[in-house]
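The chain contents come next:
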Amino acid sequence: MKGGGQAETVAVLLPLPLPGPYDYAVPAGATFAPGDVVAVPLGSRLRAGVVWGPGTGEVARRKLKPIDRPLDIPPLPEVLRRFVDWVADYTVTPRGAVLAMVLRAAAETRDRPRIAYELGGPPPERLSPERRRVIDLLRDSPPRLAADIAAEAGVGAGVVRGLVGAGTLVPVTIARHTPPAAPDPSRPGPVLSSAQAEAAQTLCAAVGGSFAPFLLEGVTGSGKTEVYLEAVAEALKRGWQALVLLPEIALTIQFLDRFEDRFGARPAEWHSDLNPAERKRIWRGVAEGGVRVVVGARSALFLPFGDLGLIVVDEEHDASFKQEDGVLYHARDMAVVRARLGDFPVVLSSATPSLESVVNAQAGRYRRLHLPTRHGDAVLPAIATIDLRQAPPVRGQWLSPLLVAAAHETLAAGEQVLFFLNRRGYAPLTLCRHCGHRFGCPNCQAWLVEHRYRRILLCHHCGFELPEPENCPACGKADTLAVAGPGVERLAEEAAALFPDARLSVLSSDELSSPALARARIGQVERGEIDVVIGTQLVAKGHHFPKLTLAGVIDADLGLSGGDLRASERTWQLLSQVSGRAGRAERPGRVFLQTYMPDHPVIAALVSGDGEAFLAREAEARRERHLPPFGRLVALIVSGPDAAQVDAVAAALARAAPRQPGFDVLGPAPAPLALLRGRRRVRLLVKAERNVRVQPILRDWLAKVPPPASVRIAVDIDPQNFM
């Protein structure tokens, strides 16, 4: 806020699902610039908003409410405001809804000191595992807030209070905004291979220049992270901030250690597990420039970087980069847009790049950098199939005798085994043998998954849970409930019986409930303290386990069926990543794929290692059908609590559908998940030619069919999930 200006009007965008800004009067003697964060009246409340520009003049100034006051929040950079506008336009989303993602963690602050805690006394006589985790966390660590200690150690607040009462933790006063340790880009990095050095030199030369998108592709274990960290170092040397996007919180754990080894300090983390105070601190640190590097999930794209000079999207192919609720955007694609608006390089990194990125590289829109071999002495694992028609498991089990024999051999050599099954819980379906009743979710069209460790049946879509029943609720019979199919918990039970002397660990999102627990469990695997790992896709990407030499995929066919146009591509990517966990050090690795379809093109591509040929066939099939990336898809999902209302709105949309060349509307039809979180769902699908700009057509179309308040129409540009 600057004094001395004439009274005027400005447009203020509010972080609400509103299509545009509202005009407000500027008090006499005050001047507000675009980007300033202000408090404005809306109805009977004051709300935070952002000055978006001059007033529209549509309402006379005398009728406008005045801005209440400026807020003690750093202004939003001009490039971020343009990014908000671009994302809103592309995703057909109200601008205010996109702004809400930017301001969610912003808050006014005061320079009041805070009370933190550090180790200052002997440990108590009763040292539980939870208390030990807190003490281990704070050993050789700066003081931390009580809430941060509890969150990072994965314990309750009472554990921290107990240690304070015992005198083990002592209070200290710290400043509200402690500047983070700055990464040191001058520290020497690891010795790079010739291929790594060449790729790193290319990326470093682009830093500080103009917009330049790169596809950094390399086999698993080829050292892509070391290459792009050299570009991060170059950005820091030139005074720029850097952003690294990762698809999974679990991947952040090893990345933080590697980053600290390289730069002598950790980057700021940004993901959903941070507590509100930490999110506010990082948000402000990014805005004020004190935070130089952020590693985070997709929402980190909307942080208020003032000097952003490099974005890296690691595992760029990963479906987790697509936001599936609220504002529906793909972080990989929006990262490229953010770099173009800021005029700096962006690096998309993957061992199994998406077909979209491969096609962009082939067309010359992206520059492709390739690392063809594993770093050092490591070699790619040998991949073979186990035909379950010829070598089936023992009845009631899921591991083929061939895989069991290979696991015994591996364990006898002092090496580690990974059994991979991308299915959480104990079993995907529970049913009654007497009457056939199947346990389904009352809110979703989905079966309840048994989680035997927690003794519950759980819906993985809405979170509904049911205590594990003793009798069938339909017929009342006891001892008639049976499970169908395996989950990782059931697989762990089988592995424990087959390998009684082995140390087992299940790695899935259900088991790793906090970053501290995930860090501890993954550290155990790294150090060789676990013999057999049973994991979901959580272990498939990015991890380096030196002693892991055997990977067995329990159901390689899982994911190959269904109507998803990317099913084959995703299965190839996932199983390639799983295979890449084996033999990453000097010990050679082996991979076995249990399958009923050894001749399927995806399975054949994995065994041959010819990913290029597989992607070429996949591209040709998509090109023939004008499917992405050679055509456009848009999903319109109509949902509401009343099925008749939903059907009526969907039918009205179909009647009002535009009819023009290169824009076809399919449906309406029930979505595969026709009931989700208590809402009925019907879907229409737009199939358009690549050169058709669909957004203006969609806006005109939707304006003709305003839904009732209880019905929502979600627009998903470039859908990744067809459920």
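This one's a predicted model, so the numbers in the text were calculated from it and none came from an experiment.

What counts and what doesn't
- Residues numbered from 1 in each chain as written.
- Predicted model: local features only at pLDDT ≥ 70, side-chain atom pairs only at ≥ 80, totals over all residues.
- Heavy atoms only, no water.
- Buried < 20%, exposed > 50% of the residue type's maximum accessible area, 1.4 Å probe, protein only.
- Helix = DSSP H or I, 4+ residues; strand = E, 2+ residues; numbered from the N terminus.
- Pairing = 2+ DSSP bridges.
- Right-handed = clockwise from strand over helix to strand, strands pointing away.
- Core = buried A, V, L, I, M, F, W, Y, C linked by side-chain atoms within 4.5 Å.
- Contact = heavy atoms within 4.5 Å.
- Phe/Tyr/Trp six-rings, centres within 6.5 Å; stacked < 30°, edge-to-face > 60°.
- Lys NZ or Arg CZ within 6 Å of the ring centre and 35° of its normal.
- Axes fitted to C-alpha atoms, helices over the stretch in contact; angles between N-to-C directions.
- pLDDT = per-residue confidence, 0-100.
- Salt bridge = Lys/Arg side-chain N within 4 Å of Asp/Glu carboxyl O.
- 1 Å grid on protein atoms, 1.4 Å probe; cavity = no way out; pocket = protein on both sides within 12 Å on 5 of 7 lines; lining within 4 Å.
- Points joined across faces, edges and corners; volume = space filled by probe spheres on them.
- Nonpolar A, V, L, I, M, F, W, Y, C, P; charged D, E, K, R; others polar.

**Examining the pairing of strand 13 (residues 293-296)**
Part 1: Here strand 13 shows no split at all, with Val293 and Val295 on one side and Val294 and Gly296 on the other all buried.
Part 2: Summarising the sheet, strand 11 (residues 241-245) and strand 13 pair through 4 bridges and their orientation is parallel. Considered in strand 13, the bridge of Val244 is made with Val295.
Part 3: Across 3 bridges, strand 12 (residues 268-270) lies against strand 13 in parallel orientation. Looking at the pairing, Trp270 lines up with Gly296 of strand 13.
Part 4: Following the backbone out of strand 12, through helix 9 (residues 276-288) and into the adjacent parallel strand 13, one traces a crossover that is right-handed.

**Some points on the nonpolar core**
Part 1: Counting residues in hydrophobic clusters, the biggest one holds 83 residues, and the most contacted among them are Val294, Leu301 and Leu698.
Part 2: Among all residues touching Leu698, those that are not within four sequence positions of it are Val92, Val634, Leu636, Phe663, Val686, Val715 and Ile717.
Part 3: In terms of nonpolar packing, the next biggest core, distinct from the first, is built from 36 residues, Leu355, Ile530, Leu575 and Leu606 among them.

**Notes on the packing of aromatic side chains**
Each aromatic ring pair is specified by the distance between its two centres and by the angle formed by the two planes.
Part 1: All told, the structure shown has 9 aromatic pairs when counted by the stated rule.
Part 2: Measuring from centroid to centroid gives 6.1 Å for Phe255 and Phe259, while their planes differ by 40°, and the two rings are tilted. One end of the pair, Phe255, and the other, Phe259, are both in helix 8 (residues 249-263), 4 residues apart, so they sit about a helical turn from each other. The residues Phe255 and Phe259 share a single accessibility class, namely buried.
Part 3: Measuring from centroid to centroid gives 4.5 Å for Phe259 and Phe263, while their planes differ by 35°, and the two rings are tilted. You can see Phe259 and its partner Phe263 sitting in helix 8, 4 residues apart, about one turn around the helix. There is no split in this pair, since Phe259 and Phe263 are both buried.
Part 4: Grouping aromatic residues by their ring pairs yields a cluster made of Tyr228, Phe255, Phe259 and Phe263.
Part 5: Lying across the ring of Tyr426, Arg452 places its NZ or CZ 3.8 Å from the centre.

**Focus: the sheet that holds strand 21 (residues 456-458)**
Within a sheet, neighbouring strands are paired by backbone hydrogen bonds and run either parallel or antiparallel to one another.
Part 1: With antiparallel pairing, the 3 strands of this open sheet are ordered in space as 20-21-22. The outermost strands of the open sheet, each flanked by one partner alone, are strand 20 (449-451) and strand 22 (465-467). Direction aside, neighbouring strands of the sheet carry axes that sit 30° apart on average.
Part 2: Of the strand pairs in this sheet, strand 21 and strand 22 are connected by 3 bridges, and their pairing is antiparallel. Residue pairing across strands places Leu458 opposite Glu465, the latter belonging to strand 22.

**Quick look at the confidence of the model for the protein chain**
A low pLDDT means the predicted coordinates there should not be read in detail.
Part 1: Residue-level pLDDT values for the protein chain average 89, and 95% of them are 70 or greater.
Part 2: Confidence, expressed as mean pLDDT per element, reaches its minimum in the protein chain at strand 1 (residues 2-3) with 42 and its maximum at helix 10 (residues 331-342) with 98.
Part 3: The low-confidence segment residues 1-6, where pLDDT is below 50, has 15 contacts with residues more than four positions distant or belonging to other chains.

**Let's talk about the pattern of salt bridges**
Part 1: On inspection of all chains with the given rule, the structure shows 31 salt bridges.
Part 2: For Glu226, the salt bridge goes to Arg258, with nearest N and O atoms at 2.7 Å. Placement of Glu226 in helix 7 (residues 224-237) and of Arg258 in helix 8 is noted, with a sequence separation of 32 residues between them.
Part 3: Given the relative accessible area of 29%, Arg258 is considered partly exposed.
Part 4: Between Asp718 and Arg632 there is a salt bridge whose closest N-O contact spans 3.7 Å. Linking Asp718 in the segment after strand 31 (712-717) with Arg632 in strand 28 (residues 631-640), this pair joins segments that are 86 residues apart in sequence. With respect to burial, Asp718 and Arg632 carry one shared label: buried.
Part 5: Salt bridges linked by common partners bring Asp89, Arg693 and Arg699 together as one network.

**Re the environment of Leu457**
Part 1: Mapped onto the fold, Leu457 is located in strand 21.
Part 2: We classify Leu457 as buried; its relative accessible area is 1%.
Part 3: For the pair Leu457 and Ala427, spaced 30 residues apart in sequence, the C-alpha separation works out to 9.5 Å.
Part 4: Residues contacting Leu457, with those up to four places away along its chain left out, are Thr430, Phe439, Leu448, Val449, Glu450, Phe464, Glu465, Leu466 and Pro469.

**Details of empty space enclosed by the protein**
Part 1: Counted by the stated rule, this structure contains 4 cavities of 30 Å³ or more.
Part 2: Taken as a whole, the largest cavity holds about 80 Å³ of empty space.
Part 3: Lining of the largest cavity is provided by His317, Asp318, Ala319, His330, Arg332, Ser354, Glu356, Arg566, Glu569, Arg570, Gln573 and Gln720.
Part 4: The dominant element in the lining of the largest cavity, judged by the number of residues it contributes, is helix 15 (residues 567-579), at 3 residues.
Part 5: Here the second largest cavity is characterised by a volume of approximately 50 Å³.
Part 6: Mapped onto the lining of the second largest cavity, the elements with two or more residues apiece are helix 1 (78-91) and helix 10.
Part 7: Of the residues that constitute the lining of the second largest cavity, the class distribution is 5 nonpolar, 2 polar and 3 charged.

**Observations concerning the sheet that holds strand 12**
Part 1: Within the open sheet, the 7 strands sit side by side as 12-13-11-14-15-10-16. Their pairing is parallel. The sheet is open, and its two edges are formed by strand 12 and strand 16 (367-371), each paired on a single side. Pairs of neighbouring strands in the sheet enclose a mean axial angle of 20°, with direction left out of account.
Part 2: Pairing of strand 11 with strand 14 (residues 308-314) involves 5 bridges; the strand directions are parallel. Residue pairing in the sheet places Leu243 in a bridge with Ile311 of strand 14.
Part 3: The sheet contacts of helix 6 (residues 194-206) involve strand 10 (212-218), strand 15 (345-350) and strand 16, and relative to strand 16 the element is tilted by about 155°.

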